[in-house]
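Summary of the model geometry
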Amino acid sequence: MRLLLIAPLFSAVSYGAQATNSSISICPPATKPANASDAIPATFPGYAFEESSFVYYAGNKTNPNRISQNLIRAVSQKTKTRPVIRVGGTSLDRATYDPNLSDPIYNPDPNSGIPTHLKIGPSFFDLFANFPEAKYVIDIPMYHDNLSNSILFAASANKRIGASNIYAWEIGNEPDNYGNTGADWNEKQFSEKWGNWSKAISKALNASLDSQTYQAVALSSQTGVTGTPGGDADSWKMYVLSLMVFQGDTYQKKIQRGDF
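Read on for a plain summary of the structure. A quick note: this is a predicted structure, and the numbers were derived from the prediction, not measured.

What follows deals with the nonpolar core. Counting residues in hydrophobic clusters, the biggest one holds 39 residues, and the most contacted among them are Phe-54, Phe-124, Phe-125, Phe-128, Tyr-136, Ile-138 and Trp-169. Within the residue set of this core, elements represented by two or more residues are α1 (51-58), β4 (84-88), β8 (135-140), α4 (147-161), β9 (166-171) and α5 (187-204).

So, in structure tokens, the structure goes:
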């Protein structure tokens, strides 16, 4: 392999700049060294849209956002894969699914900063088709502790986006900042609830736990004046890191057996 380097040479006489071409040779080994790392997956870069903003970045069926479309298409073409996009965040985690809402979303208080009481309608999931090259991580609302409504949300997303276009599900967002759960809210309680929710959602989607992919929840780095509910930030991080896999056994199976 030969790389052409353009090196500027500055002349003290003319105070001008001239460019000259020089080359160096790089000779990589014919076979991968034993201590080489694994290849970085082409889908490694992460992309995300806050739920309340997704309608603007996606556009709609008749008037899609061409800038966003061109960006995702270019990434797909360059990496020769399907980019994975997470749609969620605080605004989705605190939203409620309304099967009778005709608009994609409804924000009762548009001037409140990050929305905390968004309504999501079925047509919201039709916007995902504007990025046909992508697959998605879908955040499922958990903040309001309404499992039945979150199951309706997941079922509608699964049907309208298409199971083959969903890379993974994510239950909740930043549970270490849930303020409505009381002072006794802790890592173990969250993990138990997460396990029960994942079982119920998979069952509602007629899918086995082993066939569904759940992304470990994201934590907040901001814990407020009183600190992280139920423990310090490090304990939450360590607990969530061990949430999905424990000694080679999936967490969902531990939930089924009642092993804690």
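Now, onward.
As a further point, take the side chain of Asn-130. Positionally, Asn-130 belongs in the loop between β7 (119-120) and β8. For Asn-130, a relative accessible area of 8% gives the class buried. Among residues more than four places away in sequence, those in contact with Asn-130 are Ala-58, Gly-59, Asn-60, Lys-61, Pro-64 and Gln-69.

This part covers the sheet that holds β7. Strand pairing in a sheet relies on backbone hydrogen bonds. The paired strands run either parallel or antiparallel. One open sheet accounts for three strands, arranged β5-β7-β6; its pairing is mixed. Two strands in the sheet have a free side with no partner beyond their single neighbour: β5 (96-97) and β6 (105-106). Where β6 meets β7, two bridges bridge the pair, whose relative direction is antiparallel. Note on β7: the bridge partner recorded for Tyr-106 is Lys-119.

Right, let's get into unusual backbone geometry. The backbone of Asp-145 sits at a positive phi, close to 60 degrees, despite the residue not being glycine. Structurally, Asp-145 is set in the loop between β8 and α4. At Asn-206, a position not held by glycine, the phi torsion is positive, near 55 degrees. By relative accessible area, Asn-206 is classed as exposed at 75%.

Burial runs high along β9: five of the six residues are buried. In terms of strand pairing, β8 meets β9 through five bridges, oriented parallel. Residue Ile-140 lies in a different strand from β9, and its bridge partner there is Ile-171.

Next up on the list: the pattern of salt bridges. Counted under the stated rule, the structure contains five salt bridges. Close ionic contact of Glu-170 with Arg-86 constitutes a salt bridge, the shortest N to O distance being 2.7 Å. Placement of the pair is Glu-170 in strand β9 and Arg-86 in strand β4, with a sequence separation of 84 residues. On the accessibility criterion, Glu-170 (0% relative accessible area) is buried. Residue classification places Arg-86 among the buried residues on the basis of a relative accessible area of 18%.

The next point concerns the sheet that holds β4. Pairing within the open sheet is parallel, and its four strands lie in the order β3-β4-β8-β9. Each edge of the sheet is formed by a strand with only one pairing partner; in this case those strands are β3 (47-50) and β9. Within this sheet the neighbouring strands show an average axis-to-axis angle of 20 degrees, counted without direction. As defined by bridge partners, β4 adjoins β8 across four bridges and the pair is classed as parallel. Within β8, the residue paired with Ile-85 across the bridge is Tyr-136.

Turning our eyes to something else, we now look at the side chain of Ser-76. The residue Ser-76 is located in helix α2 (residues 66-79) in this model. In contact with Ser-76, other than residues within four places in its own chain, are Thr-81, Pro-83 and Glu-133.

Definitions and limits used
Once a new chain begins, its residue numbering starts again from 1 and follows that chain's sequence as written. Reporting in this predicted model follows two pLDDT cut-offs: at least 70 for local features of residues, and 80 or more for side-chain atom pairs to be given and counted; totals over whole chains, interfaces and linings ignore these cut-offs and use all residues. In computing side-chain values, all of the structure's heavy atoms are included and hydrogens and water are not. Here the nonpolar core consists of buried residues drawn from Ala, Val, Leu, Ile, Met, Phe, Trp, Tyr and Cys, with membership extended through side-chain atoms lying within 4.5 Å. Three labels apply to residues, based on accessible area from a 1.4 Å probe with only protein chains included: buried if under 20% of the type maximum, exposed if over 50%, partly exposed otherwise in between. A run of H or I in DSSP becomes a helix once it reaches four residues, and a run of E becomes a strand once it reaches two; helices and strands are each numbered from the N terminus. Residues count as neighbours in contact if any of their non-hydrogen atoms are within 4.5 Å of one another. Two strands qualify as a pair provided that DSSP identifies no fewer than 2 bridges between them. By definition, a salt bridge exists where a carboxyl oxygen of Asp or Glu is found within 4 Å of a side-chain nitrogen of Lys or Arg. A fitted line through C-alpha atoms serves as each axis, taken over the contacting stretch for helices, and the angle formed by two N-to-C directions is quoted from 0 to 180°.

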